[in-house]
Amino acid sequence: MSTSTAVTPDATPVSATLESTEIRSWKATIALGVFVVVALLLFVVLGRDGATTFRLSSESDVVQLADWVLPARSTGITVTVLLALLTAVVAVLTVAGSRLSARLRRVALAVSIVAFTFLFLLAFLAWAAAGESIPVTGLLLGTVSLSAPLIFGALGGVISERVGVVNVAIEGQLLAGAFCAALVASITGNPFAGLIAAMVAGVLVSFVLAAFSIKYLVDQVIVGVVLNVLVLGLTSFLYSTVLSQDTQNLNTAPRFPRFPIPVLSDIPIVGPVLFRQTLIVYLMYIAVIAVYIGLFHTKWGLRLRAVGEHPQAADTVGIRVNPTRFWNVSLAGAVAGLGGAYFTLDSVSSFGKDMTAGAGFIALAAVIFGRWNPIRATFAALLFGFATNLQNVLGAIGSPVPSEFMLMLPYVVTVLAVAGLVGYARGPAASGKPYIKS
Amino acid sequence: MQLELRGITKRFGALTANDHIDLVVAPGEIHCLLGENGAGKSTLMNVLYGLYQADDGEILLDGIVQHFEGPGDAMRSGIGMVHQHFMLIPVFTVAENVMLGHEQTSFGGRLDLDAARKRVREISDRFGFSVDPDAIVGDLPVGVQQRVEIIKALSRDAKVLVFDEPTAVLTPQETDELMTIMRQLRDEGTSIVFITHKLREVREVADRITVIRLGKVVGEAAPTASNSELAALMVGRAVELVVQKDVARPGAPALVVENLDVIDANGLKVVNDVSFAVHEGEILAIAGVQGNGQTELTEAIMGLQPRVNGRVSLGGQALTGLSVRRVLDAGVGFVPEDRTEDGLVAEMTIAENLMLDRSHGAPFVARGSLRRDHLDDFAEDKKKEFDIRAQSVSTPAGRLSGGNQQKVVLAREMSRDLKLLIAAQPTRGIDVGSIEFVHKRMVETRDAGIPVIVVSTELDEVVALADRIAVMYRGSIVGIVPGDTPRDVLGLMMAGERPAEVAA
């Protein structure tokens, strides 16, 4: 035995014992400052006269809310002043943040940025629709609908990346799902059959991704990109040679009807937006919650995350890494495939060439913006869906911004969100790395 | 449970890592597997644990032949392992790590975290560990992470427990405690395999010793064998265990570090208000358990850390704020702690690696093009001088053994006009012959009047080389003490305590 005195090692976490300092980052202040300048130019210098009506309910609603009328110019000026004040608050937080607790500072910063975004949006809507009226419920309803495929795609991305396989093939999974859903639903006349076909199509795309990246160790990003091109080519070819020959029988899918949920759908604003949707959207709500609970509170999720973080550690406790990866990537494909079904069984009733138009890549951005968390990824997808729908609504009421310019909006939001707000995000440690046993 | 390995052979291409190894571990004994780095100890244990499939031979438990397809099978048969590189998921909590792979679930398939927490507390209390089941593993000190590994193995009712180089990350006192735990487990009937290359520990705890060299069992030894007997058996020749050096003749202070802070990406001060000076002609060793700010400190001196406060100067010239290139030009040689990650480009040849930090001009580059002939001559010289064992200087560095790779790094750094040499973990994972060589060169550098900083987590190395020792704990220097300070005092300092006799 040793004679030296035993010292029990200090088991407190290292981070709790190290002194903490705040790293000053001017990124938020600068970004907000840029928006204040934009606000000043748009709402004050180029301000428009006239009143904007925000319609909070439609004629069919049980509970009628009064319209909300805002004078465009004075709203613009007031908001610009408020935005400048909020920017000042953020600047002060950056300089004197160390006097507050880290938690309080983060909360204050988040509240300021959310308030800033909301105010900017309000003034922008008032400005763009001066003299017209904006259907608020319509805007939000469309947001949820347009986000549905993005959310399914993002969930597929989250599952796949959490288990350690980068899923660039979401676009291909969506497109294959859309195609098969249209074809099968048209032939059988049953939208449910189409839904299942979409899932199968997504799984098939995943099989290729999984086989090449897990078994043959091909670079996962390259396989994903190639798969997207392959699916695009294949569906376009089949569309021109097969579907368009007999559109009546092969490309006229029955759509899911809107199904208002009793009671819930009568709640003002929330009801029409969330609970007057189709089956696919309700399925999406369930999927988000199921994936969240599954990932963080079940054996399946614990093992899945272990494999994506440290595959060798998972292996040493008897988890079979590559089969786990294979089947979960397949599952991810099924979920993304459901998103594809939305295009042909909900939004329109027929397949068109390249109809997903990059939604899969936006979903991929939502995965990263949402930091590989299903709930946050859902909100990210909703943000992109909102940007898309805003462009639709403003185009319909005739805004002063050229519609070609507005078409960029969802992508500008994507770039700003991923590059500006997220910056470097740490994903699952082993994502993209094949697991090779000797 | 009795463990028996019969004729285990494992080949990687042309290399035979294990050559017909036989080993018997009786229940209730601590069996030491002694061997140099690269002797094949870890390979053997990975075969036992089902991570590798043996090319030949069989594994028997209580006389019954076992077939392990993977670690899951080995675990179910009662084999547990505390890995050298912890097999823990850093972003999970302790309880999640312990339950992973044999999760209990409650109603509706939800994870039963409470059961896992209870299990962690139970085992933790039995051995007097104070481990919080809800702490995030990546945030725990390495010594505690190792205890989580032990809890993980015990929670699966392991009857044979393998410890793979467990003391590399521990303070001497923690090492003593680990040995107490090993004895306690042995007395409860667990068979223990203890893999190490440290003679002191072997002699203290082993019931039986098996020595492995170059993939073969070369003999058994009793725990009463002397250090030099064991070392000779392990290396295959007589080894000089102490580094020959004269008393240092320190000159003027050369490197002066004042109030240095390093702040990481999360705003934590990983180096906190560190001040010290290194004199010409002395070796200052920075000791401490891994992860207490040593890496960040050396990187800050090199200009590799983005958020640094304080002053660093070398011979009066300020180094803070300079680019890495300027720091190198100022005469700083740097041997990084991870040679495969930061020290070498594995795909490039030995010669190319030797000119890596002088790629911007003389003597190897003239008018934008490489002077190949000159480089090859230079590389041949260095290959001879540093005894780099390779076919030629155009062999890719990645194909060399750890020891020879380290010699390439050392040759590159020491062939410039140095005013300071910083060597981080200079002998980690290399063979005894190379260790002797590296130590000799360090002392020669010192004797040439150059200040040397050696960062090491191995107390043996610190004690062998240092003229003065600075001990770091959680980002701060606990104290700077003379090179002949007793081990247990250093051990206490590595745990953050400043013994009374050590002045601040």
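None of the values given here were measured: they were computed from a predicted structure.

A. Here's a closer look at the overall build of chain B. A tally of helices and strands in chain B yields 17 helices and 22 strands. The C-alpha radius of gyration computed for chain B amounts to 24 Å, which stays within 12% of the reference 23 Å derived for 504 residues, consistent with globular compactness. With the principal axes as the frame, chain B shows a C-alpha extent of 70 × 50 × 50 Å. Considering chain B as a whole, with its 504 residues, one finds that 50% of them fall into the buried category.

B. Highlighting the nonpolar core. A:Ala181, A:Ala366, B:Phe194 and B:Val471 are the most contacted members of the largest nonpolar core, which has 270 residues in total. Broken down by element, the residue count for this core peaks at 13 residues, all from helix α14 (residues 321-347) of chain A. Those residues in contact with A:Ala181 that lie beyond four places of it in its chain are A:Gly194, A:Leu195, A:Ala197, A:Ala198, A:Ala253, A:Gly340, A:Ala341, A:Thr344 and A:Leu345.

C. Representation of the pairing of strand β16 (residues 332-335) of chain B. Residue and element names in this part refer to chain B. Covered by surrounding structure in β16 are Val332 and Phe334 together with Gly333 and Val335, the residues of both alternating faces. As paired strands, β16 and strand β19 (residues 420-424) are joined by four bridges and run parallel to one another. Paired with glycine 333 across the bridge in β19 is leucine 421.

D. How the structure looks around the domain arrangement of chain A. Residues and elements named next belong to chain A. Annotation of chain A at the domain level lists domain 1 (23-131) and domain 2 (137-422). Measuring from the centre of the C-alpha atoms in domain 1 to the corresponding centre in domain 2 gives 31 Å. Facing ten residues of domain 1, the contacting portion of domain 2 comprises eleven residues. Residue classes in the side of domain 1 that touches domain 2 are distributed as seven nonpolar, two polar and one charged.

E. View of helix α5 (residues 136-162) of chain A. Residues and elements named next belong to chain A. With 27 residues, α5 extends 36 Å between its outermost C-alpha atoms, agreeing within 8% with the 39 Å of an ideal straight helix rising 1.5 Å per residue. The element α5 is largely enclosed, with a buried count of 22 among its 27 residues. At the exit of α5 stands glycine 164, carrying a positive phi of roughly 110°.

F. Geometry of the domain arrangement of chain B. Residues and elements named next belong to chain B. Structurally, chain B comprises domain 1 (3-235), domain 2 (242-331 + 417-504) and domain 3 (342-416). Spacing between the C-alpha centres of domain 1 and domain 2 amounts to 32 Å. Mapped onto the side of domain 1 that touches domain 2, the elements with two or more residues apiece are α5 (142-154) and α6 (172-187). Tallied by class, residues from the side of domain 1 that touches domain 2 come to five nonpolar, five polar and one charged.

G. Representation of the UniProt feature "domain: ABC transporter" (unreviewed entry) in chain B in the model. Residue and element names in this part refer to chain B. The feature "domain: ABC transporter" (unreviewed entry), as annotated in UniProt, sits at residues 3-239 and 255-499 in this numbering. Across residues 3-239, the secondary structure splits into 33% helix and 27% strand, with the terminal C-alpha atoms separated by 32 Å. Helix makes up 34% of residues 255-499 and strand 26%. Its end C-alpha atoms lie 27 Å apart.

H. Region of interest: the sheet that holds strand β12 (residues 269-279) of chain B. Residues and elements named next belong to chain B. Across the sheet, four strands lie side by side as β12-β11-β14-β15; this open sheet has antiparallel pairing. At either margin of the open sheet sits one strand with a lone partner, and together these are β12 and β15 (317-318). Bridge count for strand β11 (residues 253-263) against β12 is seven bridges, and the pairing is antiparallel. Across the sheet, valine 257 pairs through a bridge with phenylalanine 276, a residue of β12. Sheet strands touched by helix α9 (residues 294-302): β11, β12 and β14 (308-314). Its angle to β12, the strand with the most contacts, is close to 65°.

I. Main features of the sheet that holds strand β22 (residues 476-482) of chain B. All names here are of chain B. Spatially, six strands are ordered β16-β19-β20-β13-β21-β22 in an open sheet, and the strand pairing comes out mixed. Each edge of the open sheet is held by one strand with a lone partner, namely β16 and β22. Within this sheet the neighbouring strands show an average axis-to-axis angle of 15°, counted without direction. Summarising the sheet, strand β13 (residues 283-287) and strand β20 (residues 452-455) pair through four bridges and their orientation is parallel. In the strand pairing of β20, isoleucine 286 is matched with valine 455. Contacting β13, β16, β19, β20 and β21 (468-473), α9 crosses the sheet at an angle of about 150° to β19. In this fold helix α14 (residues 402-414) packs onto β16 and β19, with an angle of close to 175° to the strand it touches most, β16.

J. Highlighting unusual backbone geometry. Here A:Ile269, not a glycine, exhibits a phi torsion of approximately 60°, which is positive. Tracing the sequence through the fold places A:Ile269 in the loop between β4 (259-260) and α10 (270-275). A count of 16 C-beta atoms within 10 Å places A:Ile269 in the partly exposed class. A positive phi is found at B:Leu214, a non-glycine position, where the angle reads about 50°.

K. Main features of the packing of helix α11 (residues 279-297) of chain A against helix α12 (residues 299-309) of chain A. Residue and element names in this part refer to chain A. Taken N-terminus to C-terminus, the directions of α11 and α12 make an angle of 70°; their axes are 5 Å apart at the nearest point. Looking at the two axes, α11 sits roughly perpendicular to α12. Facing α11, whose interface residues are Gly294, Leu295, Phe296 and His297, α12 presents Trp300, Gly301, Leu304 and Arg305. Among the residues forming the contact of α11 with α12, the class breakdown is four nonpolar, three polar and one charged.

L. Just the environment of B:Val144, in detail. Residue and element names in this part refer to chain B. Within the secondary structure, valine 144 sits in helix α5. For valine 144, a count of 23 C-beta atoms within 10 Å corresponds to the buried category. The spatial distance from the C-alpha of valine 144 to the C-alpha of leucine 170 is 9.5 Å, given a sequence separation of 26 residues.

M. Geometry of the confidence of the model for chain A. Residue and element names in this part refer to chain A. Chain-level pLDDT for chain A is 87 on average; 95% of the residues reach the 70-or-more range. Mean pLDDT values for the elements of chain A range from 72 in helix α18 (residues 409-422) up to 96 in helix α6 (residues 170-188). In the predicted structure, residues 1-7 sits below a pLDDT of 50 and forms twelve contacts with residues beyond four places in sequence or in another chain.

N. Up close: the interface of chain B and chain A. Chain B puts 47 residues into the contact, and the matching count from chain A is 34 residues. For the side of chain B that touches chain A, the secondary structure elements donating two or more residues are α2 (71-76), α5, α6, β12 and α17 (487-494) of chain B. No other element matches the five residues that α6(B) contributes to the side of chain B that touches chain A. Here the residues of the side of chain B that touches chain A are counted per class, giving 22 nonpolar, 13 polar and twelve charged.

O. Seen up close, the pairing of strand β4 (residues 56-61) of chain B. Residues and elements named next belong to chain B. Alignment of strand β1 (residues 3-12) against β4, held across five bridges, turns out to be antiparallel. From the neighbouring strand, leucine 3 faces β4, where its bridge partner is leucine 61. Where β4 meets strand β5 (residues 64-66), three bridges bridge the pair, whose relative direction is antiparallel. Its bridge partner lying in β5, leucine 61 is registered against isoleucine 64. Linking β4 back to β5 in an antiparallel pair, the connection comprises two residues, with aspartate 62 at a positive phi of about 50°.

Basis of the calculations
Residues numbered from 1 in each chain as written. Chains lettered and ligands numbered in written order. Predicted model: local features only at pLDDT ≥ 70, side-chain atom pairs only at ≥ 80, totals over all residues. Helix = DSSP H or I, 4+ residues; strand = E, 2+ residues; numbered from the N terminus. Rg over C-alpha atoms; globule rule 2.2 N^0.38 Å. Buried ≥ 20, exposed ≤ 12 C-beta atoms within 10 Å, placed from the backbone. Core = buried A, V, L, I, M, F, W, Y, C linked by C-beta atoms within 7 Å. Contact = placed C-beta atoms within 7 Å. Pairing = 2+ DSSP bridges. Domains from an automatic or database assignment. Nonpolar A, V, L, I, M, F, W, Y, C, P; charged D, E, K, R; others polar. Expected span 1.5 Å × (residues − 1). UniProt positions renumbered as here; feature names shortened; annotations may be inferred. Axes fitted to C-alpha atoms, helices over the stretch in contact; angles between N-to-C directions. Parallel < 35°, antiparallel > 145°, perpendicular 65-115°, else oblique. pLDDT = per-residue confidence, 0-100.

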